[in-house]
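A closer look at the structure
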Amino acid sequence: MPTVRKKPRRTEVVTSPGGNTREEDDAADTNTNVKVMVQLVDENGVPAGAQVLVPVGTTSAQLEELLASLRAQPTGAGDDDDEGEGRVPHAFFVGEEQITSNVKDVVYAAQKKQWLETRLAQGRRVKPGDADDLPFEVPEEAVVRITYRPQAVFRVRAVSRCSATLDGHEDAVLIVAFSPDGRMLATGGGDKEIKMWDVLTSTPVDELKGHRHWVQVLSWSPDGKHLASGSRDGGLLLWSHDGDYGGWSQTALRGHTNYLSHVSWEPLHRNANCDRFVSASKDMSLKVWKVGVGLLFNLAAHTACVSCVKWGGDGCIYSSSQDKNIIVWNAENGAAVSTLRGHGHWVNFIALNTDLVLRTGSFDHEERTFDTPAAACEYAATRYRAVIARCGSERIVSCSDDNTMFLWCPSQSEKPIARLTGHQGVVFQCSFSPAGMTLASCSADKSIRLWHGVTGKFIATLRGHVAAVYHVSWSLDSRLLVSGSRDSTLKLWSVASKKLVEDLPGHSDEIFSTDWSPDGQRVATGSKDKKVKIWVH
């Protein structure tokens, strides 16, 4: 019989408009319709209501609606929330990973991470891409705990362009500082001058001359009436204006014998007059000053250069030094309360989780006005208590030349809450978000790292700079972060996505200082190229 050639079977692959096969779409639909049991809890672990079965494709917006409905129910746990708080937006987390798209993506990422860790623990060789083909498994007989955290009711717009280049300095700009109300910008540098700029018109207002060496410290009083400046030769000057940022008067405060490293003012809620501040110097001393009086007392216990000082909101002064120690002082009598030890090298910088509210006092995005200093003082106290209620206590973080950081709660213990490791170079600066719940650090290893502000747990590494990162500044709503680097660029990062939002070149040399205005409208940068730049949306 003649051989009959069979016609080959054709396999028809039907694709969807998105390019997926029908089988892939069916699988995606199945995964989206699968449900998982979740429990919404606040930052203290208190449930917002009963456990709920939700689709794995539930988004953060749908979780917001679910939280609002749970709080509306008389479940006991959420009854103490007032009716208006339901309008406050929230961020949702599984562990420390924020839900930016849907629940499945975060749970799946956690499963892949767990799979890789298990393989490594078993001594097997794995590569990061090995987990990409891992099938998604719905957690069975397990409840996914989703933590919700309140966010700012307003949203700061991302800076995306340079609105002004402020020329005038004849040497490198070392420090930039916005006034507490965000109306004025003070800049200082190697030309020994302080320049005052009107940020609305981007024009110079005043030149403050008096220093005989580099100006490297600028600090505004919380009420905006005074400015303290320090220079490399140990000069400390106090500047006061007529109430409308004009008619500046100068007072020289003599006492330090080496360069000034930092100045910090007493918080408004503890002193309605805002007339006391503390200065730190390389001469190993700290000095407490009062406007109109002069030196009040010395704080002497460090055995090396005092690198940073902060006046806390609980009546304590915190100082760090190249002697590797942090000392807690009583702000009323200058007595040393405790010494925090742990670093193996110089301590470069310390930051408080209440830094923003202590710096700005009664000024916020609502532009409130007060009839009396007592009313402003009370509102500043309200802002301070809100941060403490959210974080539990006033915390400090210290960063060092030993490539590590420590998170402390001095009011409870002299032992650190956590040791934060991961940087591969000197950690230059660290800063808490305005909400106090997230911590950012920048290092000579060209990276920025994010940490949990209460536990110290590592969150993410932000990479993009090609040289050491000197300085970071937070937006007022805690959602955005800018970093200035030796590579001459300013970069804007999203805290939620952990990704670069804007790459902002413009400076022709390294950026030494950054500051995000307290009203959230603009960012200022100071550079070795002798220029100050203003960045806006």
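A brief look at the structure comes next. Please read these numbers as outputs of a predicted model, since none were measured by experiment.

Side note on the packing of aromatic side chains
Per the stated rule, a full pass over the model turns up eight aromatic pairs. An aromatic cluster is built from Trp 220, Tyr 245 and Trp 248, whose rings are joined through pairwise contacts. Here the guanidinium or amino end of Lys 112 rests over the ring plane of Tyr 108, the centre of that ring lying 4.6 Å away. Taking NZ or CZ as reference, Arg 149 lies 4.0 Å from the ring centre of Phe 93, over its face.

Considerations on helix H3 (residues 103-121)
Note: α-helices contain 3.6 residues per turn, so residues at a spacing of three or four share the same orientation. Helix length check: H3, at 19 residues, gives a terminal C-alpha distance of 27 Å against a target of 27 Å (1.5 Å per residue), a fit within 8%. Within H3, burial applies to Val 103, Val 106, Val 107, Tyr 108 and Gln 111. Buried positions along H3 lie against helix H2 (60-72), strand E3 (90-94), strand E4 (97-98) and strand E5 (144-150). Two to three positions downstream of the cap, the backbone nitrogen of Lys 104 sits 3.1 Å from a side-chain oxygen, assigning the N-cap of H3 to Asn 102. Just past H3, the residue Gly 123 takes up positive phi, approximately 80°.

Description of the environment of Val 357
Along the polypeptide, Val 357 turns up in helix H4 (residues 355-360). For the pair Val 357 and Asp 371, spaced 14 residues apart in sequence, the C-alpha separation works out to 20 Å. Beyond its immediate sequence surroundings of up to four residues, Val 357 is in contact with Arg 383, Tyr 384 and Val 387.

Looking at the side chain of Arg 449
Mapped onto the elements, Arg 449 comes out in strand E29 (residues 447-452). We note that Arg 449 is buried and unpaired, the nearest opposite charge coming from Asp 445 at a distance of 4.9 Å. Within the local environment of Arg 449, its side chain forms a polar contact with the backbone oxygen of Gly 422, the two atoms lying 3.2 Å apart.

Comments concerning the sheet that holds strand E35 (residues 511-516)
Ordered by their spatial adjacency, four strands build an open sheet running E6-E37-E36-E35, and the pairing between neighbours is antiparallel. Since the sheet does not close on itself, it has two edges, and those belong to strand E6 (161-166) and E35, each with one partner. Neighbouring strand axes in the sheet, compared pairwise and without regard to direction, differ in orientation by 20° on average.

Focus: the nonpolar core
Residues Val 397, Met 405 and Cys 430 are the most contacted members of the largest nonpolar core, which totals 32 residues. Here this core takes five residues from strand E23 (residues 347-352), the largest share from any one element. Not counting residues up to four positions away in its chain, the partners in contact with Val 397 are Phe 349, Ile 350, Ala 351, Met 405, Phe 406, Leu 407, Cys 430, Phe 432 and Leu 439. With 23 residues, the next largest nonpolar core counts Leu 66, Val 94, Tyr 108 and Phe 136 among its residues.

Observations regarding the sheet that holds strand E34 (residues 499-504)
Strand order in this open sheet of four strands is E31-E32-E33-E34, and the pairing throughout is antiparallel. Two strands lie at the open edges of the sheet, namely strand E31 (469-474) and E34, each paired on one side alone. Put simply, the sheet's adjacent strands are angled 25° from each other on average, direction ignored. For E31 and strand E32 (residues 480-485), the ladder comprises five bridges, and the chain directions are antiparallel. Residue pairing across strands places His 471 opposite Gly 484, the latter belonging to E32.

Regarding the pattern of salt bridges
Where side chains of opposite charge bring their charged atoms close, a pairing between them can arise. Using the criterion set out here, one finds 20 salt bridges in the structure. With its nearest N and O atoms 3.1 Å apart, the salt bridge here joins Arg 385 to Glu 378. In this structure, Lys 491 and Asp 503 form a salt bridge, with 2.8 Å as the shortest nitrogen-oxygen distance. On the criterion of sequence distance, the pair formed by Lys 491 in strand E33 (residues 490-494) and Asp 503 in strand E34 is long-range, its members being twelve residues apart. Looking at Asp 503, the relative accessible area reads 41%, which means it is partly exposed. What you see here is one network of salt bridges that share partners, running through Glu 193, Lys 195, Glu 207 and Lys 209.

Thresholds applied
Residues numbered from 1 in each chain as written. Predicted model: local features only at pLDDT ≥ 70, side-chain atom pairs only at ≥ 80, totals over all residues. Heavy atoms only, no water. Phe/Tyr/Trp six-rings, centres within 6.5 Å; stacked < 30°, edge-to-face > 60°. Lys NZ or Arg CZ within 6 Å of the ring centre and 35° of its normal. Helix = DSSP H or I, 4+ residues; strand = E, 2+ residues; numbered from the N terminus. Expected span 1.5 Å × (residues − 1). Buried < 20%, exposed > 50% of the residue type's maximum accessible area, 1.4 Å probe, protein only. Contact = heavy atoms within 4.5 Å. Polar contact = N/O pair within 3.5 Å; in protein donor to acceptor, adjacent residues only side chain to side chain. Lys, Arg positive; Asp, Glu negative; His and termini not counted. Salt bridge = Lys/Arg side-chain N within 4 Å of Asp/Glu carboxyl O. Pairing = 2+ DSSP bridges. Axes fitted to C-alpha atoms, helices over the stretch in contact; angles between N-to-C directions. Core = buried A, V, L, I, M, F, W, Y, C linked by side-chain atoms within 4.5 Å.

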